[in-house]
Structures are given as C-alpha cells and as structure tokens.
Amino acid sequence: MVPDLPANPLSIELELKHRRFWWQIDDEDEQPEQWDARAEVSELDVCPDELRHVGDIALVIADLTKERNLLDSVVLGEWALEFIAETVIDPDQGKLHPELDARISQGPPRMVILRRIELTEPWRGHGLGAALIASALRILSPNARLAACRVSPLDFALPGADRITAELSSLRAGAMLESIGFQRWRGVHLVDLRNPALVDARMELLDQWWPGQDED
C-alpha cells in the first residue's frame with residue numbers, strides 16, 4: 001500500500017453537478033450542458049480537513065443533432081466547436097464522419113468534451129487523474145456516445161507554468177488519456193464511452209488499496 005497519500009483513495013467520492021440557467025427550460029433554450037465533477041474524501045474516512053478536496057473535472061455535453069451557434073463556443077471552447085463541425089456530417093441525425101462512426105459504438109448522438117482536470121498537490125502523481133476521468137465519463141456514458149479532449153499546454157498546464165513545463169504537462173496529459181482508452185484522431189483525443197478501458201482504469205488502485213491486498 002502506498003503510504004504517502006492523505007487518505008485511502010478508495011474513500012474518494014465523485015459528485016457530478018449539472019449547471020444551467022433556471023430559465024432554460026424550453027427546447028429552443030437548450031445549450032451545451034455544463035457538468036462539474038468534484039472529488040472529495042468521504043466524511044466517513046479519516047483525513048485532515050484541509051486535504052479532503054482531491055480535485056475538479058470540467059466537462060460539457062454537446063448535442064450532435066443541434067445546429068451550433070457562436071454562443072456555444074463560450075461553453076464548448078472554440079476548438080470543440082470547430083471539431084464538431086468537421087466531425088458531424090449529418091447534423092439532423094447527429095451522424096459522425098464514416099471513419100469515426102466505424103470505430104465508435106452506437107449510442108445517443110451526443111459528445112462529452114473534457115475541458116479540464118486539476119488535482120490538488122497532495123493527491124498528484126498516483127494515477128488518480130486517469131481513474132477519476134474514467135469514472136466521470138462512465139457515469140455520463142448513458143447520455144452520450146463518445147468523449148473528446150484537446151490536449152494542449154493551454155488546457156493542461158498548471159497556473160504560472162513556463163512554456164517547457166506547460167508542454168511537458170500536456171504530453172503527460174496525453175499519455176494519461178491514452179492509458180484509459182483515448183486515441184488521437186485528427187489532432188484530438190477521443191474515446192468510445194463504452195470502451196472497457198474506462199472500467200479497467202480503476203483496477204490498479206483497487207489492487208493496491210483494497211483491504212487485505214498487502215497480506216499474503
């Protein structure tokens with residue numbers, strides 16, 4: 001068992017919240033859905049209060065059958081807006097580019113955009129980022145078909161990082177995503193939300209921290 005984490009990572013709870021304006025209740029008001037995943041150590045486990053917060057993940061779900069507008073770029077990000085426009089060849093049905101359609105399982109014509117993940121310093125370096133992303137995506141999998149992420153120094157560098165550090169951070173982020181099933185396609189990392197690798201991402205931590213695993 002790894003001794004230098006603030007608490008057992010199996011006691012981390014993932015809380016997902018969906019944010020929208022209260023008045024957006026009609027079909028024509030529907031915008032891309034903003035989701036926030038907050039990771040915290042359960043109150044039932046022993047952990048210093050100042051270390052209970054593990055990290056945050058920012059996600060957006062875009063409906064692929066909806067015609068995009070400029071306001072969507074504020075929520076999705078400019079790159080995602082352009083990527084969806086290039087990827088969806090039939091907006092009426094949300095049909096994907098044939099090459100992409102052939103490699104993604106069937107599901108709702110929606111795409112999850114992974115915008116950002118940030119772990120607090122005491123929880124970094126133990127593979128938690130990949131496992132928490134995989135968990136959040138699996139929770140959202142009934143609502144979408146695939147997930148996409150642009151890995152760039154702008155999106156994955158820590159605040160105040162210099163250019164070289166930011167580029168190294170983005171390389172590590174790409175490797176992290178590929179470890180849970182993401183693959184590069186036209187410069188963007190994509191994953192089928194029914195990919196078993198998203199489920200398997202938890203196994204290393206389970207094997208390491210499950211009670212009794214360090215006993216012969």
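Below you will find a few notes about this structure. (Residues numbered from 1 in each chain as written. Predicted model: local features only at pLDDT ≥ 70, side-chain atom pairs only at ≥ 80, totals over all residues. Heavy atoms only, no water.)

**Some remarks on the sheet that holds strand β8 (residues 183-185)**
Phase 1 of the analysis: Overall, mixed pairing links the 7 strands, which are arranged β1-β2-β3-β6-β7-β9-β8 in an open sheet. The open sheet is flanked by β1 (12-19) and β8, the only strands paired with a single partner. Neighbouring strand axes in the sheet, compared pairwise and without regard to direction, differ in orientation by 30° on average.
Phase 2 of the analysis: Strands in contact with helix α6 (residues 163-179) are β6 (110-119), β7 (146-149), β8 and β9 (188-192); relative to β9, the strand with the most contacts, it is inclined by about 15°. (Pairing = 2+ DSSP bridges. Helix = DSSP H or I, 4+ residues; strand = E, 2+ residues; numbered from the N terminus. Axes fitted to C-alpha atoms, helices over the stretch in contact; angles between N-to-C directions. Contact = heavy atoms within 4.5 Å.)

**Brief notes about the environment of R115**
Phase 1 of the analysis: When you line up the elements, R115 lands in strand β6.
Phase 2 of the analysis: On the accessibility criterion, R115 (29% relative accessible area) is partly exposed.
Phase 3 of the analysis: Counting along the chain gives 83 residues from R115 to L198, while the straight-line C-alpha distance between them is 18 Å. (Buried < 20%, exposed > 50% of the residue type's maximum accessible area, 1.4 Å probe, protein only.)

**Some details on the pattern of salt bridges**
Phase 1 of the analysis: Counting across every chain of the model gives 8 salt bridges.
Phase 2 of the analysis: The closest approach of N and O atoms between D49 and R52, which form a salt bridge, is 3.4 Å.
Phase 3 of the analysis: Looking at R52, the relative accessible area reads 9%, which means it is buried.
Phase 4 of the analysis: Taking the shortest distance from any N to any O, the salt bridge between E118 and R116 comes out at 3.4 Å.
Phase 5 of the analysis: The class of R116 is partly exposed, set by a relative accessible area of 33%.
Phase 6 of the analysis: Bridged by salt links that share partners, the residues R38, E40 and D56 form one connected network. (Salt bridge = Lys/Arg side-chain N within 4 Å of Asp/Glu carboxyl O.)

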